[in-house]
2 protein chains.
Amino acid sequence: MNEIEKPVYIQVIENLKEEIMHKCPNEPIMSERELALHFNISRMTARKAVDALVNDGYLYRIKNKGTFVADKTLYKSNTLYEEHEDTVYKNLYFNVIPADKEIAEKLNVKVEELILKIVRTAHYKGQPQTLDEIYFVKKYLSSDDIANISKVVDIKKCINESVVEQRFYPMIVPFKYAVLLEIAQGTPIINVQSIMRNHLGVPTLFFSSYLNPHQVTIQIKN
Amino acid sequence: MNEIEKPVYIQVIENLKEEIMHKCPNEPIMSERELALHFNISRMTARKAVDALVNDGYLYRIKNKGTFVADKTLYKSNTLYEEHEDTVYKNLYFNVIPADKEIAEKLNVKVEELILKIVRTAHYKGQPQTLDEIYFVKKYLSSDDIANISKVVDIKKCINESVVEQRFYPMIVPFKYAVLLEIAQGTPIINVQSIMRNHLGVPTLFFSSYLNPHQVTIQIKN
DNA sequence: CAGTGGTCTAGACCACATT
DNA sequence: ATGTGGTCTAGACCACTGA
């Protein structure tokens, strides 16, 4: 019972994903013409579904030969270090502060503009993964948002809806965060700074994350 | 005079890229139907070209309104730190060595398997950018390749033709490389380790790059 | 030779925006 | 009412592969 009928090619994608799960890497799937017959759709529609799955790394094509299941170890996972499903976040504090020069630049607002700053930790299986500083421009937030701080920071949703720019800086763990990350003073770490923007390029969020190198590895596959 | 006639949609992409360069962000381009008329092609072909440019971050679409030029500051640039066109590479040495345990694991070969190791620097405008260690499995290389070491390491080509996995490790710059990178002993840096695989998942190249933090910033946009 | 992916056409209908 | 992007069809030709 679909509330709204999904486009056909989306349904085909879902069917194919299911089918791929039961196949081995490098095993061929149905040819595009077979798919068209099988789902009773045109070949262009079948092809559109396959296009999407190739693009997402589930399948690969060889011209004149066929379409094959990609090796699962070659997942495509753009951007970011991995976040486990059951990561536990704990807000250490949040506060409204005037922007200093650095933050004002990142968020493209004037110095002294009011900023909502949240500092939190992320734990997984009791181990500290990251220490995050999160900065919002207060005037872009509704009072509702501020009341529900914990809900505001749905980073995954933000990432999907925005353009994200991330920079990676090597540094020695800041003195005040070594204890919270449970790592030795003087440990070299990576600080990931993310700026999220809407489609017009206006920054909406600045995110500075200190990674525990014993717990988190940044990894990019394509 | 084309040696081989390019597909129409590729030509349209090139035309559109040229046109986009002369437009401002958020300025609309021709509608898909107009494009089809203008280039005397079918709408589906025009759409395919636009699809590609949207995917690469040159354009964005708003349903029922049109297609617009994306803000240039929001380029899509997957994977890797930026490499300038006129980066100068200098091979410090190359040698055939037996694989130690670490390298053998990365390249999925036996310990003692023969490996071609290259150490090189990358300079840009006289400044050292990175110190790279590059490892090939010798038996996968032709003697021709080995004769032309400088040509072997066309990394960009490798990346486009392979599946790349990159990991980022924070560390203190290794003693022996601090001088070559012209940075102080004890400086925290990022070490990028890349493994390139063919479509069957077989590793073909291991690449370990020590980044000069004063020169190179890792940056990811989506 | 039949089958594959890659490209391309000339239409079509839909839901939604703007005027 | 018109125009937009989003989807979809039922064909077509090409270059190439492998039996």
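- Within an unreviewed UniProt entry, the label attached to chain A reads GntR family transcriptional regulator, and the organism entered is Holtiella tumoricola.

**A word on the protein's contact with DNA strand D**
So, step 1. Surveying the vicinity of DNA strand D reveals 24 residues, the closest of which are Val8(A), Tyr9(A), Thr45(A), Arg43(B) and Met44(B).
So, step 2. The sugar-phosphate share of atoms of DNA strand D within 4 Å of the protein amounts to 62%.
So, step 3. At 3.3 Å from a phosphate oxygen of DNA strand D is found a side-chain nitrogen or oxygen belonging to Lys65(A).
So, step 4. Contact between DNA strand D and Thr67(B): a phosphate oxygen at 3.1 Å from a side-chain N or O atom of the residue.
So, step 5. Contributing elements (two or more residues each) for the surface near DNA strand D: α1 (8-21) and α3 (43-55) of chain A together with α2 (32-39), α3 (43-55), β1 (59-62) and β2 (66-69) of chain B.
So, step 6. Looking at the surface near DNA strand D, the element that brings in the most residues is α3(A), giving four residues.
So, step 7. Its residues placed into classes, the surface near DNA strand D shows seven nonpolar, seven polar and 10 charged.

**A word on the packing of helix α1 (residues 8-21) of chain B against α3(B)**
Residues and elements named next belong to chain B.
So, step 1. Packing of α1 against α3 brings their axes to within 9 Å, and their N-to-C directions diverge by 55 degrees. The orientation of α1 relative to α3 falls into the category oblique. At the point where α1 passes α3, the crossing takes the right-handed sense. When α1 is examined against α3, the residues Val8, Tyr9, Val12, Ile13, Leu16, Lys17 and Ile20 are found in contact with a partner set consisting of Thr45, Lys48, Ala49, Val50, Ala52 and Leu53.
So, step 2. Residue composition of the contact of α1 with α3, grouped by class: 10 nonpolar, one polar and two charged.

**Quick notes on helix α2 (residues 32-39) of chain A**
All names here are of chain A.
So, step 1. For α2, the complete set of buried residues consists of Glu32, Leu35 and Ala36. Taken down its axis, α2 places every buried residue within 100 degrees of arc, on the same side. In α2, the exposed positions angled more than 90 degrees off the buried face are occupied by Arg33, Leu37 and His38.
So, step 2. Contacts from the buried residues of α2 go to α1, α3 and β1 (59-62).
So, step 3. In the segment just after α2, Asn40 is the residue with positive phi, at about 55 degrees.

**Describing the protein's contact with DNA strand C**
So, step 1. Close to DNA strand C lie 24 residues, the nearest being Arg43(A), Met44(A), Val8(B), Tyr9(B) and Thr45(B).
So, step 2. Considering the 4 Å shell around the protein, atoms of DNA strand C inside it are sugar or phosphate in 62% of instances.
So, step 3. Here a phosphate oxygen of DNA strand C sits 3.1 Å away from a polar atom, N or O, in the side chain of Thr67(A).
So, step 4. Between Ser42(B) and DNA strand C, the recorded distance is 2.9 Å, taken from a backbone N or O atom to a phosphate oxygen.
So, step 5. For the surface near DNA strand C, the secondary-structure elements that each account for two or more residues are α2, α3, β1 and β2 (66-69) of chain A together with α1 and α3 of chain B.
So, step 6. At four residues, α3(B) tops the list of elements feeding residues into the surface near DNA strand C.
So, step 7. Along the lines of polarity and charge, the residues of the surface near DNA strand C split into seven nonpolar, seven polar and 10 charged.

Here is what the cut-offs are and how they apply
Residues numbered from 1 in each chain as written. Chains lettered and ligands numbered in written order. Predicted model: local features only at pLDDT ≥ 70, side-chain atom pairs only at ≥ 80, totals over all residues. Heavy atoms only, no water. Near = heavy atom within 4 Å. Polar contact = N/O pair within 3.5 Å; in protein donor to acceptor, adjacent residues only side chain to side chain. Helix = DSSP H or I, 4+ residues; strand = E, 2+ residues; numbered from the N terminus. Nonpolar A, V, L, I, M, F, W, Y, C, P; charged D, E, K, R; others polar. Axes fitted to C-alpha atoms, helices over the stretch in contact; angles between N-to-C directions. Parallel < 35°, antiparallel > 145°, perpendicular 65-115°, else oblique. Left-handed = near helix turned anticlockwise from the far one by under 90°. Contact = heavy atoms within 4.5 Å. Buried < 20%, exposed > 50% of the residue type's maximum accessible area, 1.4 Å probe, protein only. Arc of directions from axis to C-beta.

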